[in-house]
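The primary structure of each chain is shown beneath.
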Amino acid sequence: MTTAADALSAVLAGLALEWAAPEGRDEAYRRTAREARRALDELVAGADRVFVEVLVFPDFPAPYVLVVRREGTWGLPGGWLARGESLGAAAERVLRDQAGLTGVGVDSVLAVDQEPEGLYVVCDAGVPEGTSQRRRALAASVCRLVGEGTLGRLLPAGAGRRALTALANTEHIRAVPLDTGSS
């Protein structure tokens with residue numbers, strides 16, 4: 001049986017293939033991106049609860065990811081989606097509240113995971129602009145930078161799996177754009 005999350009994973013793989021295609025890449029990519037966005041919208045609309053996590057690279061291209069301590073556990077900055085809130089708005093709220101980062105552009109979804117307590121969506125915030133933004137986030141005692149090898153050991157199993165999947169998807173251009181454009 002194929003789940004909606006499996007279908008979305010297949011579309012993410014398709015996005016990477018379309019991006020890599022030398023001819024007609026722009027139109028094929030936009031078409032596949034629209035399909036991925038529809039699949040994501042259906043998943044989110046059908047979920048009872050959606051937890052939004054955000055992947056942030058404070059010093060790209062260094063392979064470090066920002067993690068925060070919430071309720072005694074390390075994880076990507078994250079929080080439950082409020083009724084009527086968009087994924088992008090939730091991601092920006094989480095970054096502001098948990099890491100002190102503002103004005104960070106969240107432009108895509110890198111991973112989706114279905115857990116018993118709800119749907120988990122990992123958004124891509126990329127690299128925050130400005131040294132003061134990075135310093136502010138890292139100065140907070142609840143924030144820390146970790147490398148890819150540490151993520152699987154530091155984070156709980158599900159969170160670690162999602163974070164590593166999101167990292168792999170950034171490398172292979174597998175992301176669902178939050179704004180698929182009108183064409």
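Residues numbered from 1 in each chain as written. Predicted model: local features only at pLDDT ≥ 70, side-chain atom pairs only at ≥ 80, totals over all residues. Heavy atoms only, no water.

Let's shift gears to the overall build of the protein chain. Helix and strand content of the protein chain: six helices and eight strands. Helices (α) and strands (β) of the protein chain occur, in sequence order from the N terminus, as α-α-β-β-β-β-α-β-β-α-β-α-α-β. Going through the 183 residues of the protein chain one by one, you find that 45% of them count as buried. For the protein chain, the share of sequence-separated contacts (at least 6 apart) that also reach a separation of at least 24 residues comes to 68%. Surface exposure of the protein chain reaches about 9400 Å², of which carbon and sulfur atoms provide 50%. (Helix = DSSP H or I, 4+ residues; strand = E, 2+ residues; numbered from the N terminus. Buried < 20%, exposed > 50% of the residue type's maximum accessible area, 1.4 Å probe, protein only. Contact = heavy atoms within 4.5 Å. Areas by Shrake-Rupley, 256 points an atom, 1.4 Å probe, with all protein chains shown as cover.)

In this model helix H6 (residues 157–171) runs 21 Å from its N-terminal to its C-terminal C-alpha over 15 residues, within 8% of the 21 Å that 1.5 Å per residue would give. Listing the buried residues of H6 in full gives Gly 158, Ala 159, Gly 160, Arg 162, Ala 163, Ala 166, Leu 167 and Asn 169. (Expected span 1.5 Å × (residues − 1).)

Core analysis: the largest hydrophobic core is formed by 25 residues, its most contacted members being Leu 87, Val 109 and Cys 123. Looking at this core, the elements that each hand over two or more residues are helix H2 (25–46), strand S1 (50–56), helix H3 (87–99), strand S5 (108–115) and strand S6 (118–126). Looking at which element gives the most residues to this core, the answer is H3, with six residues. Beyond its immediate sequence surroundings of up to four residues, Leu 87 is in contact with Leu 40, Val 44, Val 50, Val 52, Leu 81, Val 109, Val 121, Cys 123 and Leu 178. Residues Leu 110, Val 122, Leu 155 and Leu 167 belong to the second largest nonpolar core, which totals 17 residues. (Core = buried A, V, L, I, M, F, W, Y, C linked by side-chain atoms within 4.5 Å.)

Turning to the environment of Asp 48, a few remarks are in order. Position of Asp 48 among the secondary structure elements: in the loop between H2 and S1. Between the C-alpha atom of Asp 48 and that of Gly 118, which follows or precedes it by 70 residues, the distance is 6.6 Å.

Turning our attention to the packing of aromatic side chains. One pass over the structure, following the stated rule, counts three aromatic pairs. When the centroid spacing of 6.0 Å and the interplanar angle of 55° are considered together, the rings of Trp 80 and Tyr 120 count as tilted. Of the two residues, Trp 80 sits in strand S4 (residues 78–80) while Tyr 120 sits in strand S6, which places them 40 residues apart along the sequence. Grouping aromatic residues by their ring pairs yields a cluster made of Phe 51, Trp 80 and Tyr 120. The ring of Trp 80 carries Arg 49 above its face, with NZ or CZ at 3.7 Å from the centroid. (Phe/Tyr/Trp six-rings, centres within 6.5 Å; stacked < 30°, edge-to-face > 60°. Lys NZ or Arg CZ within 6 Å of the ring centre and 35° of its normal.)

Let's shift gears to H3. For H3, spanning 13 residues, the distance from its first C-alpha to its last is 17 Å, which sits close to the expected 18 Å at 1.5 Å a residue. Turning to H3, its buried residues are Leu 87, Gly 88, Ala 90, Ala 91, Val 94, Leu 95 and Ala 99. All buried residues of H3 project into a common sector of 160° when viewed along the axis, lining one side. Positive phi appears at Gly 100, one or two residues downstream of H3, with a value of about 70°. (Arc of directions from axis to C-beta.)

Across three bridges, strand S2 (residues 64–70) lies against strand S3 (residues 73–75) in antiparallel orientation. Counted as the bridge partner of Arg 70 is Thr 73 from S3. Between S2 and S3, which pair antiparallel in sequence order, lie two residues; one of them, Glu 71, sits at a positive phi of approximately 50°. (Pairing = 2+ DSSP bridges.)

On their own, these measurements won't tell you what the molecule is for.
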